[in-house]
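Spelled out, the chains give:
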Amino acid sequence: MAKQPQQGDTGLAWLVDTTISVITNDGRNLLGILRGYDQTNNLILAEARERVFSAQGGVEELPLGLYVVRGDNVAVVGELDEELDAQLDLSALRAAPLKPILH
């Protein structure tokens, strides 16, 4: 069962020790276990990996290990449903890579 934010939770506290997905401003899709964060949304991910999307060759997962994401590069953070994610056939998925966010 997925964790739910509790009354009084602030920021990302309820996601600590949970597998999350992070979309960065430069269009990268990172997954990992959130181990910590700070007031500027710097994220510490354990067992991190990057999903690289391609319109021709499916999705490639690159292992990153322990990884720090700078808060000014975080666009979206969300909880990953590991049960649904395990059912995906990443080799059959086709999608163009996300474009960077322009300010």
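Enquirer: Explain the overall build of the protein here, please?
Expert: Of the regular secondary structure elements, the protein holds one helix and five strands. For the protein, the succession of helices and strands along the chain, N to C, is β-β-β-β-β-α. With the principal axes as the frame, the protein shows a C-alpha extent of 45 × 35 × 25 Å. Taken across its 103 residues, the protein has 30% of its residues classed as buried. Restricting the contact set of the protein to residue pairs at least 6 apart, pairs at least 24 apart contribute 51%.

Enquirer: How should the nonpolar core be read in this particular structure?
Expert: Judged by nonpolar contacts, L12, L15, I20, V22, L30, L34, L43, L45, A48, V69 and V74 together constitute the single largest core of 11 residues. Not counting the four nearest positions on each side in its chain, V22 is found in contact with R28, N29, L30, L43, L45, V74, V76 and V77.

Calculation rules
Residues numbered from 1 in each chain as written. Predicted model: local features only at pLDDT ≥ 70, side-chain atom pairs only at ≥ 80, totals over all residues. Heavy atoms only, no water. Helix = DSSP H or I, 4+ residues; strand = E, 2+ residues; numbered from the N terminus. Buried < 20%, exposed > 50% of the residue type's maximum accessible area, 1.4 Å probe, protein only. Contact = heavy atoms within 4.5 Å. Core = buried A, V, L, I, M, F, W, Y, C linked by side-chain atoms within 4.5 Å.

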